Amino acid sequence: MSWHPFTTTPETFWPKIDKSGGPEACWPWTGSQDGRGYGITKLHCKTIRSHRLAYIFAGGEFPEGRHCVCHRCDNRLCCNPAHLFPGSYKDNALDMVAKRRHLSFTCPERINRGEAHRWAKFTEDDIRAIWQRLQDGERPAAIGISSQLACDLKAGRCWRHVTGLRKTATNDPTQCWDHVDGNGNLTPLGTAWAGRK
Ligand SMILES: [Zn+2]
């Protein structure tokens, strides 16, 4: 098969990763980054996070219900397959909320400074995590959000684009990049995904 110019192959991908630390170390991505500090590259004209592609190119599998690729090492640029594992959206959400709590202990000034605009400080990923936990029946207090925010989310008064997105992201199998084989070729489902705008 011929390669589209805006795609990544294992041959072009692995050289962009710094493996100089050895097999046990983090392997940082040396290419582009997104606004959240993850490495990104293009696969079939779509942006994909480099750690996710590292997992795929290393032959990593996605067991049922686990469509996220998570870091054991908390280093968002790390592409060492030994540091990556498949997780569910829920795992990812719990992990993220746990880290947010952690931030309040380690960097209280970062929390307090944004107090007046607390909800504006949530990222879309945060809202997805919160939304998932609300869907699982957790109480707002247990999640660490106000009941007002929970009401607004459930009523679609705010972040509607995100709570709606979560539905397609988790329920539509073609939205997941586990439909790429170890050489970066799209499987039929992946082709359907890549064809979307
Ligand atoms: Zn690592």
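The model shown is predicted, which means the values in this text are computed figures rather than measured ones.

Criteria and thresholds
- Residues numbered from 1 in each chain as written.
- Predicted model: local features only at pLDDT ≥ 70, side-chain atom pairs only at ≥ 80, totals over all residues.
- Helix = DSSP H or I, 4+ residues; strand = E, 2+ residues; numbered from the N terminus.
- Buried ≥ 20, exposed ≤ 12 C-beta atoms within 10 Å, placed from the backbone.
- Core = buried A, V, L, I, M, F, W, Y, C linked by C-beta atoms within 7 Å.
- Contact = placed C-beta atoms within 7 Å.
- Pairing = 2+ DSSP bridges.
- pLDDT = per-residue confidence, 0-100.

1. Quick look at the overall build of the protein chain
- For the protein chain, the helix and strand inventory stands at nine helices and four strands.
- When the helices and strands of the protein chain are read in sequence order from the N terminus, they spell out α-β-β-α-β-β-α-α-α-α-α-α-α.
- In the protein chain, buried positions account for 24% of the 197 residues.

2. With respect to the nonpolar core
- Counting 16 residues, the largest nonpolar core has Leu53, Ala54, Tyr55, Phe57 and Cys79 as its most contacted members.
- When residues in this core are grouped by element, the largest group, five residues, is from helix 2 (residues 50-57).
- Those residues within four positions of Leu53 in sequence are excluded, and the remaining contacts are Thr8, Phe13, Thr41, Leu43 and Ile48.
- Within the second largest apolar cluster, nine residues are counted, among which are Phe122, Ala129, Trp131 and Leu149.

3. Topic: the pairing of strand 1 (residues 40-43)
- Of the two faces of strand 1, only one is covered, namely that formed by Thr41 and Leu43; the face formed by Ile40 and Lys42 stays uncovered.
- Examined bridge by bridge, strand 1 and strand 2 (residues 46-49) share four bridges and lie antiparallel to one another. Note that in strand 2 the partner of Lys42 across the bridge is Thr47.
- Where strand 1 hands over to strand 2, the hairpin turn is made up of two residues, of which His44 adopts a positive phi near 50°.

4. As for helix 2
- Most of helix 2 is tucked away, with eight of its eight residues classed as buried.
- Of the surrounding secondary structure, the elements contacted by the buried residues of helix 2 are helix 1 (10-13), strand 1, strand 2, strand 3 (68-71) and strand 4 (84-87).
- Once helix 2 finishes, Gly59 follows within two positions and takes phi at roughly 90°, a positive value.

5. Section: the confidence of the model for the protein chain
- Looking at the protein chain as a whole, the pLDDT averages 73, with 61% of positions reaching at least 70.
- Model confidence for the protein chain, summarised as mean pLDDT per element, is weakest for helix 4 (residues 108-113) at 35 and strongest for helix 1 at 94.
- A low-confidence stretch, residues 101-119 (pLDDT under 50), is modelled with six contacts involving residues beyond four sequence positions or located in other chains.
- Long-range and interchain partners of residues 165-178, a stretch whose pLDDT sits below 50, account for 18 contacts in this model, where long-range means more than four residues apart.

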